[in-house]
Amino acid sequence: MNGTTSSFMDLTFHVQTFGCQMNKHDSERVTGMLESLGSSCVETIEDADVVVFMTCCVREAADVRLLGQVASMKNVPLRKGSPLEKRIIAVGGCIGQRDGDKLFGELPHLDVVFGTNNLASLPGMLKGVLEGDRHVVETLEESESFPTDLPITRENSWAAWLPITIGCNNFCTYCIVPYVRGREKSRTLEDIVDEAKRYVSAGVKEITLLGQNVNSYGRDLYGKPRFADVLEAVADTGIERLRFATSHPKDLTDEVIAKFGTLDALMPALHLPAQSGSDSILKAMHRSYTVEHYLGLIEKLRDVKPGISLSTDIIVGFPGETEQDFMGTYRLVEEVGYSQVFTFIYSKREGTPAASYFDDTPREVIQERFDRLREVVERGAYDFNQAQKGHVVDVLIEGASKKDSRIATGHSPENINVHAPIPEGAVLEDLVGKIVPVKIEEARTWYLRGTMV
Ligand code: SAH
Ligand code: SF4
Ligand code: F3S
């Protein structure tokens, strides 16, 4: 590896990340690998000799934006003092996995394409380019192992993402993820707990367990450990805050719900994607639950943890969605009272079953439904936040507000953004990564404001 290391020593690199936390986590591994070879991570594309795009194709907009950005890289001059004659551009993540070497046709100035199962190969591929190779590609269908032994440079020191499964077996009819992330694979409980323990000793305050559907954890493992066992074991490591994403409602068990009542570290917030509030649309989406079942889960969660903060994902304009179907979604959102809703207009993804479903709903009708839904989403978030007024909440401080450097920001246990002025005599650096109590005085739709106590 010595030859490789020396060729990487003088290089700067930048990783540009799109998409979900899985990609963000993969980017941390890419950064970790390149740093361990001696390259330096830089803030901007302009300063980078090597640019790695970690891409997402879950919706068309992301796809188009990325390809545009890679195309425009042609016009970005190389930094002064670069040891290279030409910047090296690599595309990884889900578009890399989906399109493979087809990308070189559209983007001839691209050098490397790697898939979601090929992170570990990236240094070798880049080395090939440094030695004169052109158009290097690797997109394995499945990875033999979990990429957990790769070096990692975490985005910040107080919070960590910890993947417990990769891939997805659900094949919701609109979704491309199972095609670009492969079948679901679980990491062993031992491996998960080891990583969690390392984080705790390194001073990490918050761990978020990751998987496309964490609730189906362990079905592929010997002894079939369950997700509730993971929660229990990770909470036992002494971590202060524990979260997880994402949960498929069809697999959320009573046992997991009960953990919200028994594990102090498990934060009172749950992201539970509903996708739709119409049974016939849910069926067409292949979601395998009904609105009634979903609402039953919400009721149980609130029994166990009153005040729990619920968030969800909703797709508007799935093929064949009628006004009546949409109103089901509208009422569901209104009834649950989410603190946050990620709303998406259905985007046709080639290769998924829904891409061939008939649809004649005009674009304007879908947009108008989307706008109506946004209103009820904002009302729900506003009401949820109003109820926090007067409470003292523990905030994990993450940094300063972008608009005002005298204001610290962070998240409450309910995962609501909280702003609080930095007290007289205190410095931000001492607060970052700490959990501080804040008395909430003001509540807006997307954040709370208060005073540190
Ligand atoms: N595994 C997670 C998240 C998958 S992608 C889950 O099951 O919840 C994140 C969100 O993107 C999905 O929840 C869905 O709401 C949205 N999404 C996925 N495919 C989409 C498509 N083709 N069009 C619009 N939204 C989509
Ligand atoms: Fe996509 Fe459904 Fe899997 Fe989530 S559970 S990643 S929406 S197929
Ligand atoms: Fe996007 Fe891939 Fe995640 S398609 S949402 S980055 S799994």
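A quick note: this is a predicted structure, and the numbers were derived from the prediction, not measured.

A look at the environment of K74
Inference 1: Tracing the backbone through its elements, the reader meets K74 in the loop between helix 3 (60-72) and strand 4 (88-92).
Inference 2: Taking the C-alpha atoms as reference, K74 lies 9.5 Å from L107; in sequence the two are 33 residues apart.

Overview of the domain arrangement of the chain
Inference 1: Under the domain assignment used here, the chain contains domain 1 (2-138), domain 2 (147-386) and domain 3 (392-452).
Inference 2: With centres defined by C-alpha atoms, the gap from domain 2 to domain 3 works out at 26 Å.
Inference 3: Facing the 21 residues of domain 2 at the interface are 21 residues of domain 3.
Inference 4: Contact between domain 2 and domain 3 buries roughly 1600 Å² in total, counting both sides, with carbon and sulfur atoms accounting for 60%.
Inference 5: For the domain 2 face of the interface with domain 3, the top three residues by lost area are W158, R241 and N385, together amounting to 43%.
Inference 6: Our enumeration of links across domain 2 and domain 3 arrives at zero salt bridges.
Inference 7: Taken together, the connections running from domain 2 to domain 3 amount to nine residue pairs in polar contact (both at pLDDT 80 or more).
Inference 8: Contributing elements (two or more residues each) for the side of domain 2 that touches domain 3: strand 11 (241-245) and helix 14 (363-386).

Focus: the sheet that holds strand 4
Inference 1: Strand order in the open sheet made by the six strands is 2-1-3-4-5-6, with parallel pairing throughout. Every other strand in the sheet has two partners, leaving strand 2 (40-41) and strand 6 (136-138) as the edge strands with one partner each.
Inference 2: Note that strand 5 (residues 112-114) and strand 6 share three bridges and pair parallel. Directly across from V113, in strand 6, lies its bridge partner V137.
Inference 3: Strand contacts of helix 2 (residues 21-36): strand 1 (12-17), strand 2 and strand 3 (50-55), with the helix running at about 175° to strand 1, the strand carrying the most contacts.
Inference 4: Running at roughly 165° to strand 5, helix 6 (residues 122-130) makes contact with strand 3, strand 4, strand 5 and strand 6 of the sheet.

Some thoughts on helix 13 (residues 323-336)
Inference 1: Taking 1.5 Å of rise per residue, 14 residues should cover 20 Å, and helix 13 covers 20 Å from first to last C-alpha, within 8% of that figure.
Inference 2: Those residues of helix 13 lying buried are D325, F326, G328, T329, Y330, L332, V333 and V336.
Inference 3: Where helix 13 is buried, its residues contact helix 11 (279-284), helix 12 (291-304), strand 13 (309-316), strand 14 (340-345) and helix 14.
Inference 4: After helix 13 finishes, the residue G337 shows a positive phi value of roughly 70°.

A word on the site of ligand 3
Inference 1: Around ligand 3, the surrounding shell consists of C20, N23, C56, C57, V58, C94, V177, R181 and Q212.
Inference 2: Shared between two domains, the shell around ligand 3 holds at least three residues of each, these being domain 1 (2-138) and domain 2 (147-386).

As for the packing of aromatic side chains
Inference 1: What the rule picks out here adds up to eight aromatic pairs.
Inference 2: Their ring planes at 85° and their centres at 6.4 Å tell us that Y174 and F318 sit as a pair that is edge-to-face. With Y174 in the loop between strand 8 (165-166) and helix 7 (177-181) and F318 in the loop between strand 13 and helix 13, this pair connects stretches of sequence that are 144 residues apart.
Inference 3: By relative accessible area, which is 9% here, Y174 ends up buried.
Inference 4: Between F318 and Y346, the ring centres sit 5.5 Å apart and the planes meet at 70°, which makes this aromatic pair edge-to-face. With F318 in the loop between strand 13 and helix 13 and Y346 in the loop between strand 14 and helix 14, this pair connects stretches of sequence that are 28 residues apart.

Points about the site of ligand 1
Inference 1: Near ligand 1 you find 15 residues, and of these R59, Q212, Q275, D313 and S347 are the closest.
Inference 2: In the environment of ligand 1, an oxygen atom lies 2.9 Å from a nitrogen or oxygen atom belonging to the side chain of R59.
Inference 3: Q275 is positioned with one of its side-chain polar atoms (N or O) 2.7 Å from an oxygen atom of ligand 1.
Inference 4: In isolation ligand 1 has 540 Å² of accessible area, and contact with the protein removes 90% of it.
Inference 5: Where the shell around ligand 1 is concerned, the elements lending two or more residues are strand 13 and strand 14.

Quick word on the packing of helix 13 against helix 14
Inference 1: Taken N-terminus to C-terminus, the directions of helix 13 and helix 14 make an angle of 10°; their axes are 9 Å apart at the nearest point. In terms of axis orientation, helix 13 runs roughly parallel to helix 14. Handedness of the crossing formed by helix 13 with helix 14: right-handed. The segment helix 13 lies against helix 14, with E323, F326, M327, T329, Y330, V333 and E334 engaging R369, R372, L373, V376, V377 and R379.
Inference 2: Considering only residue class, the contact of helix 13 with helix 14 consists of seven nonpolar, one polar and five charged.

Analysis parameters
- Residues numbered from 1 in each chain as written.
- Chains lettered and ligands numbered in written order.
- Predicted model: local features only at pLDDT ≥ 70, side-chain atom pairs only at ≥ 80, totals over all residues.
- Heavy atoms only, no water.
- Helix = DSSP H or I, 4+ residues; strand = E, 2+ residues; numbered from the N terminus.
- Domains from an automatic or database assignment.
- Contact = heavy atoms within 4.5 Å.
- Buried area = accessible area lost by both parts, 1.4 Å probe.
- Salt bridge = Lys/Arg side-chain N within 4 Å of Asp/Glu carboxyl O.
- Polar contact = N/O pair within 3.5 Å; in protein donor to acceptor, adjacent residues only side chain to side chain.
- Pairing = 2+ DSSP bridges.
- Axes fitted to C-alpha atoms, helices over the stretch in contact; angles between N-to-C directions.
- Expected span 1.5 Å × (residues − 1).
- Buried < 20%, exposed > 50% of the residue type's maximum accessible area, 1.4 Å probe, protein only.
- Near = heavy atom within 4 Å.
- Phe/Tyr/Trp six-rings, centres within 6.5 Å; stacked < 30°, edge-to-face > 60°.
- Areas by Shrake-Rupley, 256 points an atom, 1.4 Å probe, with all protein chains shown as cover.
- Parallel < 35°, antiparallel > 145°, perpendicular 65-115°, else oblique.
- Left-handed = near helix turned anticlockwise from the far one by under 90°.
- Nonpolar A, V, L, I, M, F, W, Y, C, P; charged D, E, K, R; others polar.

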